[in-house]
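These are the residues of each chain, in order.
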Amino acid sequence: MEQDKDKWVEEAMSSLEGLERLSPPSHLLDEIEKEIGRRQPLSLRQRLLVAAAVAGLLLLNGWAVVGTNASQDPLAVEQSTDETASYLPNYQIYE
């Protein structure tokens, strides 16, 4: 079984011998550089809109966190009901 696997690996690796290495077209780099040169930076208005959106999301996130924590008293201890207390009587997990 192991020999068959080794033979299969050797055949797969030897099938790659003699293949020509691929290279990108020579004009591709020039096209990429032209496209980068054509792009314009963001205008002041666009930057302000992005900043406002980020600030809004941060405020919304902060409001959600504060609202969640404010509705829960960190010092409050919930009383267990009879249903939950019956899961581990006397803390003997493995009976």
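Residues numbered from 1 in each chain as written. Predicted model: local features only at pLDDT ≥ 70, side-chain atom pairs only at ≥ 80, totals over all residues. Heavy atoms only, no water.

Student: Would you mind going over the overall build of the protein chain with me for this structure?
Tutor: Looking only at helices and strands, the protein chain has 4 helices and 0 strands in total. Helices and strands appear in the protein chain in the N-to-C order α-α-α-α. Evaluated residue by residue, the protein chain yields a buried proportion of 0% over its 95 residues. (Helix = DSSP H or I, 4+ residues; strand = E, 2+ residues; numbered from the N terminus. Buried < 20%, exposed > 50% of the residue type's maximum accessible area, 1.4 Å probe, protein only.)

Student: Got a minute to help me understand a nonpolar patch on the surface in this structure?
Tutor: Residues Trp 8, Val 9, Met 13, Leu 16 and Leu 19 make up a contiguous nonpolar surface patch of about 570 Å² in total accessible area. Within the element layout of this structure, Leu 16 appears in the loop between helix H1 (2-14) and helix H2 (28-38). Classification of Leu 16 by relative accessible area gives exposed; the value is 51%. (Patch = residues over 30% accessible without salt bridge, like charges linked within 9 Å, V, L, I, M, F, W, Y side chains within 5 Å. Areas by Shrake-Rupley, 256 points an atom, 1.4 Å probe, with all protein chains shown as cover. Salt bridge = Lys/Arg side-chain N within 4 Å of Asp/Glu carboxyl O.)

Student: Just checking my understanding: could you explain the pattern of salt bridges for this structure?
Tutor: Pairs may arise between side chains of opposite charge once their charged atoms sit close together. Tallied over the entire structure, the rule returns 2 salt bridges. Between Glu 35 and Arg 38 there is a salt bridge, with its nearest N and O atoms 3.4 Å apart. With a gap of 3 residues between them, Glu 35 and Arg 38 both fall in helix H2, about one helical turn apart. The closest approach of N and O atoms between Glu 35 and Arg 39, which form a salt bridge, is 3.7 Å. The class of Arg 39 is exposed, set by a relative accessible area of 62%. Shared partners join several salt bridges into a network, and the residues in it are Glu 35, Arg 38 and Arg 39.

Student: Sorry if this is basic, but what is going on with H1 here?
Tutor: Here H1 spans 18 Å end to end across 13 residues, near enough to the 18 Å set by a 1.5 Å rise per residue. Along H1, only 0 of the 13 residues are buried, which leaves the element largely exposed. (Expected span 1.5 Å × (residues − 1).)

Student: Just checking my understanding: could you explain the confidence of the model for the protein chain for this structure?
Tutor: Predicted coordinates in areas of low pLDDT are best not read in detail. Counting all residues, the mean pLDDT for the protein chain is 80, and 72% of those residues have values of 70 or more. Ranking the elements of the protein chain by mean pLDDT puts helix H4 (residues 82-85) last with 54 and helix H3 (residues 44-70) first with 90. (pLDDT = per-residue confidence, 0-100.)

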